[in-house]
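# Results of the structural survey
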Amino acid sequence: MAYNLLAGKKGIITGALDEKSIAWQVALKAKAEGATFVLSNAPVALRMGKINELAQHCQTEVIGADATSVEDIENLYKKSMEILGGKIDFVLHSIGMSPNVRKGKEYGDLNYEWFMKTLDISAISFHKMLQVAEKLDALNEYASVVALSYIAAQRTFPDYSDMAQAKALLESIARSYGERYGRLKKVRINTISQSPTKTTAGTGVSGFDAFFEYANMMSPLGNAPAEACADYCITLFSDLTRYVTMQNLYHDGGFSSMGISPEIVGKMQP
Ligand SMILES: NC(=O)c1ccc[n+]([C@@H]2O[C@H](COP(=O)([O-])OP(=O)(O)OC[C@H]3O[C@@H](n4cnc5c(N)ncnc54)[C@H](O)[C@@H]3O)[C@@H](O)[C@H]2O)c1
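By the naming in an unreviewed UniProt entry, the chain is Enoyl-[acyl-carrier-protein] reductase [NADH], taken from Raineya orbicola. According to UniProt, the comment filed for the chain under the heading Sequence similarities (unreviewed entry) is "Belongs to the short-chain dehydrogenases/reductases (SDR) family. FabI subfamily." Among the UniProt annotations of the chain, the heading Catalytic activity (unreviewed entry) holds the following wording: "a 2,3-saturated acyl-[ACP] + NAD(+) = a (2E)-enoyl-[ACP] + NADH + H(+)".

### Looking at the site of the ligand
Taken together, 26 residues form the shell around the ligand, and within it Ser21, Gly96, Thr199, Ala201 and Gly202 come nearest. A total of three residues in the shell around the ligand trace back to one element, the largest contributor, which is helix 8 (residues 200–203). Partitioning the shell around the ligand into residue classes produces 13 nonpolar, 12 polar and one charged.

### So, the sheet that holds strand 3 (residues 62–64)
Pairing in this open sheet of seven strands is parallel, and the strands run 3-2-1-4-5-6-7 from one edge to the other. The open sheet is flanked by strand 3 and strand 7 (248–251), the only strands paired with a single partner. Direction aside, neighbouring strands of the sheet carry axes that sit 20° apart on average. Examined bridge by bridge, strand 6 (residues 188–194) and strand 7 share four bridges and lie parallel to one another. Bridge pairing in strand 7 links Ser193 to Tyr250.

### Quick look at helix 1 (residues 22–32)
Within helix 1, eight of the 11 residues are buried, which leaves it mostly tucked inside the rest of the structure. Within the sequence span of helix 1, burial applies to Ile22, Ala23, Trp24, Gln25, Val26, Ala27, Lys29 and Ala30. A positive backbone phi angle near 95° is found at Gly34, which sits one or two residues after helix 1.

### Comments concerning the environment of Ala42
Among the secondary structure elements, Ala42 is positioned in the loop between strand 2 (36–41) and helix 2 (43–48). Accessibility expressed as a C-beta count within 10 Å gives 22 for Ala42, which makes it buried. Spatially, the C-alpha atoms of Ala42 and Gly64 are 5.6 Å apart, while their sequence positions differ by 22 residues. Residues within four places of Ala42 in sequence aside, it is in contact with Asp66 and Ala67.

Scoring rules and cut-offs
Residues numbered from 1 in each chain as written. Predicted model: local features only at pLDDT ≥ 70, side-chain atom pairs only at ≥ 80, totals over all residues. UniProt positions renumbered as here; feature names shortened; annotations may be inferred. Near = placed C-beta within 6 Å. Helix = DSSP H or I, 4+ residues; strand = E, 2+ residues; numbered from the N terminus. Nonpolar A, V, L, I, M, F, W, Y, C, P; charged D, E, K, R; others polar. Pairing = 2+ DSSP bridges. Axes fitted to C-alpha atoms, helices over the stretch in contact; angles between N-to-C directions. Buried ≥ 20, exposed ≤ 12 C-beta atoms within 10 Å, placed from the backbone. Contact = placed C-beta atoms within 7 Å.

Below, the structure written as structure tokens:
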């Protein structure tokens, strides 16, 4: 069901690789809620992914941008404003990648160049997207910027490795830039801490299936699917959340407030 929550709003949605991607679901919902937007992903993902299918469905365009490149991000905002005919009302940062995780490096044997890449792609890119937006004055008042995070920022999930540091940094940037951009332009900046979700990035973490099941058993509502995460993003892009900023918002079926669940206790009993 659609509520026309984003009627007249213009946005940028990054990170849609295929239909499993959280960003893909956000694009479908944003379209249904009346928004116009452009899609963006890294040039390599444009060649490998199915983003053009999504663009066709949403009657929009795709702009390639490596989120670590300030130049690419400048081009992304400039072209988006041209295509959409004005400043931007919402931005989704749905970008994450760790070469250490991808190549199975142990946490005690990290490659530091890759560690820096993890931080650049998964967190500093968020700062770059905000700083470039500010410099170009690309966002309207009360625009909403959302990035996707994971509870490994607060608690240790060993296989998540250096992505835990990336998420902690991402959430910290949301607070620091949220203060600045709120004061300057009333722009809202938040992160959504999402349940484990079966996407390319998610399933790339070793042991994913086990911690997906564990989180599901721990959460009174069960793991939140990508479609529901997209719904939550839409509420944050809408005018109904104009005073929510600098928050890390859990979208996890209750997982973050749990200590142990009866289901897990049941599993532990002989
Ligand atoms: N899947 C999960 O379990 C889960 C849980 C919590 C948070 N998240 C976060 O959600 C976000 C989206 O991930 P997803 O699960 O939809 O997986 P996904 O693999 O579909 O999306 C990740 C995206 O990041 C893009 N990307 C990687 N490097 C890039 C670069 N240099 N420039 C631009 N884009 C780049 C990829 O092309 C891809 O589209 C990520 O930040 C991820 O950490 C995922």
